[in-house]
Amino acid sequence: MAEETIFSKILRKEIPADIVYEDDRVTAFRDINPKAPTHILIIPNYNIPTVNEVTEKDEAVIGHIFVVAAKIAEQEGIAEKGYRLIVNCNEHGGQEVYHLHIHLLGGQRLGRMVV
Ligand code: AMP
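A.B. asks: Got a minute to help me understand the site of the ligand in this structure?
C.D. replies: Residues in close proximity to the ligand total 15 residues, the closest being D31, N88, E96, H101 and H103. Here an oxygen atom of the ligand and a backbone polar atom of V97 are 2.9 Å apart. Burial of the ligand by the surrounding chains reaches 88%, relative to a free accessible area of 510 Å². Put simply, the parts of the chain that give the shell around the ligand at least two residues each are α1 (6-11) and β2 (26-30).

See below:
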């Protein structure tokens, strides 16, 4: 079993989060420390710690995250101008929370791809 993170508590509604989308497979909520006007995290409803632990059994949920990302981008009014999806993995990737998540960032022209 993957270790619990703060995101498990958000999924169980034990701590508050600004949830913008949820279904039986994924949940999306606003990042508490936004790096752009729109900064939303999309997570699977079960814990995959990092991309390194993704296996074939996760393919459907990972694909679904992209479907939901497109929906949310439309909902947020940033689809046409564009946005960025980021997944950080482990220390060099700058991962802080070990529950796989995709950052959806937009609402302004974003800077360099890698700092
Ligand atoms: P990462 O560095 O890819 O692991 O990103 C983790 C993200 O989770 C950071 O952008 C944090 O600001 C965000 N975060 C941490 N705790 C919370 C929380 N309780 N609610 C919303 N976002 C959070």
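A.B. asks: It is not clear to me how the nonpolar core should be interpreted in this structure. Could you clarify?
C.D. replies: One recurring pattern in soluble globular proteins: nonpolar side chains tend to sit buried together. Among the nonpolar cores identified, the biggest contains 15 residues, and Y21, V26, A28, I40, I42 and I72 are the most heavily contacted of them. For this core, the elements supplying multiple residues, two or more each, are β1 (19-22), β2, β3 (38-44), α2 (59-76) and β5 (102-106). Here this core gets six residues from one element, more than from any other, and that element is α2. Grouped together as the second largest cluster of nonpolar side chains are six residues, F7, I10, F29 and I43 included.

A.B. asks: I keep staring at the layout of surface pockets and nothing clicks. Help me out?
C.D. replies: Unfilled space is identified by rolling a water-sized probe across the atoms. When its volume is computed, the largest pocket comes out at roughly 960 Å³. Surrounding the largest pocket, 35 residues form its lining, D31, K35, H39, N88 and H103 being those nearest its centre. Residue assignment for the lining of the largest pocket shows that the elements contributing at least two residues are α1, β2, β3, β4 (83-86) and β5. Of the residues contributing to the lining of the largest pocket, the split by class is 18 nonpolar, ten polar and seven charged. Along the walls of the second largest pocket sit I78, K81, G82, Y83, R84, G107, Q108, R109 and L110, which together make up its complete lining. Its residues assigned to classes, the lining of the second largest pocket comprises three nonpolar, three polar and three charged.

A.B. asks: Whenever I open this one, the pairing of β1 confuses me. Can you help?
C.D. replies: Consecutive side chains along a regular strand alternate between the two faces of the sheet. When β1 meets β2, the two strands line up antiparallel, connected through three bridges. Each bridged residue has a counterpart across the sheet, and for Y21 the counterpart in β2 is A28. Turn length for the β1-β2 hairpin, with the two strands adjacent in sequence and antiparallel, is three residues.

A.B. asks: Any chance you could explain the pairing of β3 here in plain terms?
C.D. replies: Buried residues dominate β3, accounting for seven of its seven residues. Neither face of β3 is exposed, since T38, I40, I42 and P44 on one face and H39, L41 and I43 on the opposite face are all buried. One ladder, built from five bridges, connects β2 with β3; its direction is antiparallel. Looking at the pairing, R30 lines up with I40 of β3. Pairing of β3 with β5, which is carried by five bridges, proceeds in the antiparallel orientation. When the bridges of β5 are listed, L41 appears paired with H103.

Parameters and conventions
Residues numbered from 1 in each chain as written. Predicted model: local features only at pLDDT ≥ 70, side-chain atom pairs only at ≥ 80, totals over all residues. Heavy atoms only, no water. Near = heavy atom within 4 Å. Polar contact = N/O pair within 3.5 Å; in protein donor to acceptor, adjacent residues only side chain to side chain. Areas by Shrake-Rupley, 256 points an atom, 1.4 Å probe, with all protein chains shown as cover. Helix = DSSP H or I, 4+ residues; strand = E, 2+ residues; numbered from the N terminus. Core = buried A, V, L, I, M, F, W, Y, C linked by side-chain atoms within 4.5 Å. Buried < 20%, exposed > 50% of the residue type's maximum accessible area, 1.4 Å probe, protein only. 1 Å grid on protein atoms, 1.4 Å probe; cavity = no way out; pocket = protein on both sides within 12 Å on 5 of 7 lines; lining within 4 Å. Points joined across faces, edges and corners; volume = space filled by probe spheres on them. Nonpolar A, V, L, I, M, F, W, Y, C, P; charged D, E, K, R; others polar. Pairing = 2+ DSSP bridges.

By themselves, these figures tell us nothing about what the structure is for.
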